[in-house]
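# Structural features, examined
Each chain is listed here by its residues.
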Amino acid sequence: MSVANQTALEAITVSRVYTRRDGSIIQALSEVDIAIEEGEFVCIVGPSGCGKSTLLQLCAGLDHPTKGSIRTHGVPISGPGPDRGVVFQKDSVFPWMSVLDNVEYGLRCRGVPAAERRAAALHYLARVGLAEVADAWPRELSGGMLKRVAIASVFANGSDVLLLDEPFGALDYVTRHKIHDVLLELWNEVDRAKRTVLFVTHDVNEALTLADRILVMRGGKVVDNIRVEHGRPRDDETLAEPSMIAIKRTLLEHLGIGHASHALENAQ
Ligand SMILES: Nc1ncnc2c1ncn2[C@@H]1O[C@H](COP(=O)(O)OP(=O)(O)OP(=O)(O)O)[C@@H](O)[C@H]1O
Ligand SMILES: [Mg+2]
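The paragraphs below set out a description of the structure included in this document. Since this is a predicted model, take the numbers as computed values, not measurements.

## Overview of unusual backbone geometry
Here R232 and P233 are connected by a cis peptide whose omega angle stands at 0°. Mapped onto the fold, P233 is located in the loop between β10 (221-227) and α7 (236-239). Positive phi, normally seen in glycine, also occurs at H73, with a value near 50°. Along the chain, the position of H73 falls in the loop between β4 (67-72) and β5 (75-76).

What follows is the structure in structure tokens.
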């Protein structure tokens, strides 16, 4: 654990400007300031195109700010690193590698001996309930199983900071609930310090189920910062409690569909 700086991830007045093919200028991020403490589970919510993935890409070191800086434990991020694990919005597994090889991949890149990395990969595959398909090809797995492979991979890799970009967006309700449980269980592992998670979603229920804190983005800016005090585990009944409904109403209003939250409350 870092003694020098407990802030696992920090964006300091970060802007990112893109130039599209037609020459138009896009201000994807505009003077964003965030600070995420070690062990925090933070969700980012916001409408399509507000800059969520851009911010995650910058934190991953896959892209660089036009202005400002991104730091981990006080050190500027200059590129990808094993301290940060990423699950992308789109597919996050290599189709030409077996499930087990996928989960081992990060450790192999870091030169971890074969027996050790195999044991870690098998451990995390078992934790996500996929031990029996370790030797399968990704194409033989369902969408939900593939997402579990991606989650096993980032945990096996041992990164302290996990950057997850709408990882479960395409999953059905039941599968998504199950994978939330798996994710929170792994995050809460008793034998090690909690990982820091930055999780992008546009699903307000997902954010309310998972987060310690929810950052709301709009038009390239962070416009709200909401702490979710409710303990875990949280289920559909938790989400129907007044304190959670109040947060949900705020989030839906930020997303421009505030009337939906009133209808929802009236239906209780
Ligand atoms: N490489 C790029 N070149 C040009 N414009 C880009 C690039 N990447 C992102 N943008 C633009 O930046 C803005 C923010 O995109 P971003 O992918 O961060 O949005 P998002 O909040 O993740 O949206 P979604 O919820 O749809 O995934 C959009 O207008 C997008 O078109
Ligand atoms: Mg995105």
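So, next bit.
## Comments concerning the environment of R127
As for its position among the elements, R127 is in helix α3 (residues 114-127). Those residues within four positions of R127 in sequence are excluded, and the remaining contacts are A152 and L186.

## Observations concerning the packing of α3 against helix α4 (residues 143-156)
For the pair α3 and α4, the least separation of the axes is 9 Å and the interaxial angle reads 135°. It follows from the interaxial angle that α3 and α4 lie oblique. The handedness of the crossing between α3 and α4 is right-handed. Contacts from A120, A121, Y124, L125 and R127 in α3 reach A152, F155 and A156 in α4. Along the lines of polarity and charge, the residues of the contact of α3 with α4 split into seven nonpolar, no polar and one charged.

## Observations concerning helix α8 (residues 242-254)
Because an α-helix completes one turn every 3.6 residues, residues spaced three or four positions apart along the sequence face the same direction. Taking 1.5 Å of rise per residue, the 13 residues of α8 would be expected to cover 18 Å, and the 18 Å separating its terminal C-alpha atoms lies within 8% of that figure. For α8, the full list of buried residues reads I247, K248, L251 and H254. All buried residues of α8 fall inside an arc of 120° around its axis, so they share one side. Just downstream of α8 lies G256, where phi reads positive at about 80°.

## Points about the nonpolar core
Residues C59, A152 and L198 are the most contacted members of the largest nonpolar core, which totals 68 residues. If you tally residues by element for this core, the top one is α4, at nine residues.

## Side note on the pairing of β4
Relative to β4, strand β1 (residues 7-19) is paired through four bridges, and the arrangement is antiparallel. In the sheet register, A11 faces β4, and the bridge partner there is I70. As judged from the two bridges shared by β4 and β5, these two strands associate in the antiparallel manner. Opposite T72, over in β5, you have V75 as the bridge partner. Linkage of β4 to β5, two consecutive antiparallel strands, is achieved through a turn of two residues, within which H73 is found at a positive phi near 50°.

## Let's talk about the site of ligand 1
Close to ligand 1 lie 14 residues, the nearest being Y18, A28, S48, S53 and T54. Where the shell around ligand 1 is concerned, the elements lending two or more residues are β2 (25-37) and α1 (52-60). No other element matches α1, which puts three residues into the shell around ligand 1.

## Comments concerning the environment of P82
With respect to the helices and strands, P82 occurs in the loop between β5 and β6 (84-87). Residue P82 is classed as partly exposed on the basis of its C-beta count, with 13 C-beta atoms lying within 10 Å. Once residues within four sequence positions are removed from consideration, P82 is found in contact with G106, R110, N157 and S159.

Cut-offs used in this document
Residues numbered from 1 in each chain as written. Chains lettered and ligands numbered in written order. Predicted model: local features only at pLDDT ≥ 70, side-chain atom pairs only at ≥ 80, totals over all residues. Helix = DSSP H or I, 4+ residues; strand = E, 2+ residues; numbered from the N terminus. Contact = placed C-beta atoms within 7 Å. Axes fitted to C-alpha atoms, helices over the stretch in contact; angles between N-to-C directions. Parallel < 35°, antiparallel > 145°, perpendicular 65-115°, else oblique. Left-handed = near helix turned anticlockwise from the far one by under 90°. Nonpolar A, V, L, I, M, F, W, Y, C, P; charged D, E, K, R; others polar. Expected span 1.5 Å × (residues − 1). Buried ≥ 20, exposed ≤ 12 C-beta atoms within 10 Å, placed from the backbone. Arc of directions from axis to C-beta. Core = buried A, V, L, I, M, F, W, Y, C linked by C-beta atoms within 7 Å. Pairing = 2+ DSSP bridges. Near = placed C-beta within 6 Å.

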